[in-house]
Each structure stands twice: as structure tokens, then as C-alpha cells.
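Fold and contact review
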Amino acid sequence: MRKLFYSLLVLSVCSVFSYSEIFYLKSGKVIDGKILSETDDSVTVALAGTGIKRKIMLYEIEEVTKTPRATPSVSQARSAAAVTPEDARTQFTSGLKQENAEGDIYVKDNASGVLVFNVQETVVEKPKASAKPADEDGEFDAALFLLGGSSDNSAAQKPEASRSESQASSIASDEQPKKEIESGQSEDYSYDASMFLVDDQPVPLSKSDKKDAEESAAAEKITSDKPESETFLAIALDLKGSHVFSGEVNNSGIDKTEKADYGISLSAEQYGYVSRFAAIGLGIGFQFKRCLEESPGRFGFLPLYGAFKMRFISEEDYHFYAVAHLGYNFLLANSAYLDNKSDAGGGLYYAGGLGASYNRYVFQVLYSVNNGSVKYSSPYAVARVDKDVKYSKVGFYVGYLL
């Protein structure tokens, strides 16, 4: 559609003006020349007097005529510029002024996209028209636009002249009476256009504020590095441990210590970190039954415990820590260990050790003590025989963190 419009414009220009034409551009320039050639979106003209070729885009052209436009006289310009305060209106009284749902009044500048909230309407006299060469480019002056000047670039002056006239308009506006828009404000609102037309600049922080910001960022980093939870699954090789039978039979003491064979243990622990370095959790273990060197039977323990872990070296990929267990365990034994007529009981469990983790792989050394009891009736004794069991060992764990 646009291409068709430009084509028709070129044809109309070429058909009506065959020799010398006057081109009025939207920027305010006036060009006198003769059309040499045309395309769908531009024309090429030879400037009058010099013969220099110039290419003009069709969207730049406002009007093409054979004769110059009529120039208003000085008296007409002065009478048009001299308006009464009732007729003088700022940009804020135009159709751009709107009221939102909350009752705030705002003005939107469609050219720059600026929204001005709760502004005051100032009645100022429009600046008088001044002579400007026809071939100078107009420049948009935001301050002049917001104070009531024209937004048309074709009527704007040079940057120096725009600034001087905007300052004069600002002084004149201070001398004119002001009226408030119904916005709920009782005090005068001083509008600064640079607040909206200049990008926000970072506010420099004082030394104390900068220090507080750094401390806050460091605390945030430590908090963000804290793991929320951790599940530890491991298998252990238990070295030969010490197994102690102690108790009384017919008022005579029994205290027998034997070596227990190697064994295999499993454990599962769930931790929650209270800080970057400390964690508390719960765990469960299981010892496969192992033998004694001199006594018959096989035995093991099943501990349930609370756990505490403290990291003393903590890096991104690896950590070193100390761990402690405290809980209750159950004695697991076969009939040969219990002499077929005995009952097994549980007791206190505690352990402590050191560990290291790399990524999600864990290596741990743990010393543990399991306590239990055996109660049975001996066929050779009149009284009931009770024995306490204490089993201590060292285990090497290999685990994985989920």
C-alpha cells in the first residue's frame, strides 16, 4: 500500500511539474530544482542556479508547488503571536492529559514516551515567532515543548535560540498565575523535565553504606552456600574388634574378653545443615553377624542413633569433617551364641570419627562401641546367669551423598 502511494505521488509530481518546482520538506527546508529522474521511493532533482544533483526521499516531501508559498507580513506574525492568557494553553491542557483509575492526572508525550504524573498546569504566553532561514534544520526542544512551545520541528529554532527562549518562557511562567489540577496536592509542584529525559545515574554510596552492602553480600553468599539437606549411604569394612562378656554366676564374677572376626556393616544417615559447617541428623546401621575366636555362635548389632557433623575444612569440591553418633542398639545373635535358652537385649551405642568428601564420594573412619546383654538359665547353675556384652571396633566406610 505504501509502495503504491509513493508511486502515485511520483507520477503526479512528474506529470504536473515538468520544469522547475519548489519542494517543501517536512523538516522545514525548501528546495528549488528540476526533476531529473524518479523511483518508487525517491526523486532526483537538479538544484536551481547550481545544477547540483540531489536525491530526495518521498517521505521527506510535504508539498511540491510551482510558486512559492505566501509569506505572512510582520504585522500578521505579531498579531498571531500576541494571544491573550485565556487563549494561551500549555501542552498539559491538550488532549494528551488523562486521568487514571486512582485519580492521578498525567500527561503523555507521544514523541518521547514520557509520562508526567501530578503536574501543574501553567498558563504561559506562547513565544513570539522569529525569523528563521528556510533551509535550516529544526531541532526538538523538550523544555520549550513542556512549557507551552510548539512541538513541530519545522517551527523550532537553533539549539542556542531554543535554550534562550525556553529560559525566557520559564521566567515568564513564574510571573504568571498558576492553577492546580485536581490531584490531591496542596503544594506547588516544580517539574523538572531533565528528570524524565535523562537516564538515571547511579547514586554513589558512602563508605559506611558500601561496607554494609559488602557485609550483606558476604552473608548472602555464606547462606547460599549452605546445603539444605544431605543423605549419606555407606558400606564399611570392620576390623577385628574386642568382644567382652561380663557378669556374675553364683556370686562369682565372669569377665571374658575375646577377639571378634572381620565384618561388614551398612549405614544410612540423613542430615540437615543448621549453618554452612554444622549439620544434625538421624541414622541407622546394620552389622552382618560375625564370629568369635573361641566361643561358638555369631552376633551383630542394629543401632539407631542421632548424628552430629562438623566441617572444619570446607571448599567447593571437597570437605573434611568430624562426626559423632549417640543412640540405642539391638543385639542380633544366633542360637549357638545364646545357648538356645537365652534372651538378647540391647544397650547404649556411641561412636566418633573423621571423614572426607570429594564431590559426592565420602571416605570415613569410625570407632564405635555397641552394648547389649544376654540372659539365660544354665543347666549347671542353680541361679540365673546374666551377661553384659560390649563390642568395640574400627570401621572404614566408603559412601555416597544423595
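Look above for the structure.
Described in the following lines is the structure provided in the data block. Treat the numbers as computed from the prediction; the structure is a model and nothing was measured.

**A word on the packing of aromatic side chains**
Within a pair of aromatic rings, the relevant descriptors are the distance that separates the centres and the angle that separates the planes. One pass over the structure, following the stated rule, counts 10 aromatic pairs. Both rings, one in Y305 and one in Y349, keep their centres 5.4 Å apart while their planes meet at 45°; by these two values the pair is tilted. Separated by 44 residues along the polypeptide, Y305 in strand 17 (residues 298-314) and Y349 in strand 20 (residues 347-358) bring together distant segments of the chain. Side by side, Y305 and Y349 carry an identical accessibility label, which is buried.

**Focus: the nonpolar core**
Judged by nonpolar contacts, the single largest core of 16 residues is most densely connected at F232, Y271, V323, Y349, V362, L366 and Y397. Secondary-structure elements contributing two or more residues to this core are strand 11 (229-238), strand 14 (263-273), strand 17, strand 18 (318-333), strand 20, strand 21 (361-377) and strand 22 (384-401). Residue contributions to this core peak at three residues, all from strand 11. When residues no more than four places from it in sequence are discounted, the contact partners of V323 are Y271, F308, A351, G352, G353, Q364 and L366. Listed in part, the 12 residues of the second largest apolar core include A260, L292, L331 and Y391.

**Considerations on the environment of K375**
As for its placement among the helices and strands, K375 is situated in strand 21. Each C-alpha atom, one on K375 and one on A344, is 6.6 Å from the other, the two residues being 31 residues apart in sequence.

**Quick word on a negative patch on the surface**
On the surface, D209, D212, E214 and E215 cluster together into a patch of negative charge. Topologically, E214 is positioned in helix 6 (residues 207-225).

About the thresholds
- Residues numbered from 1 in each chain as written.
- Predicted model: local features only at pLDDT ≥ 70, side-chain atom pairs only at ≥ 80, totals over all residues.
- Heavy atoms only, no water.
- Phe/Tyr/Trp six-rings, centres within 6.5 Å; stacked < 30°, edge-to-face > 60°.
- Helix = DSSP H or I, 4+ residues; strand = E, 2+ residues; numbered from the N terminus.
- Buried < 20%, exposed > 50% of the residue type's maximum accessible area, 1.4 Å probe, protein only.
- Core = buried A, V, L, I, M, F, W, Y, C linked by side-chain atoms within 4.5 Å.
- Contact = heavy atoms within 4.5 Å.
- Patch = residues over 30% accessible without salt bridge, like charges linked within 9 Å, V, L, I, M, F, W, Y side chains within 5 Å.
- Areas by Shrake-Rupley, 256 points an atom, 1.4 Å probe, with all protein chains shown as cover.
- Salt bridge = Lys/Arg side-chain N within 4 Å of Asp/Glu carboxyl O.
- Lys, Arg positive; Asp, Glu negative; His and termini not counted.
- Charge placed at Lys NZ, Arg CZ, Asp CG, Glu CD.

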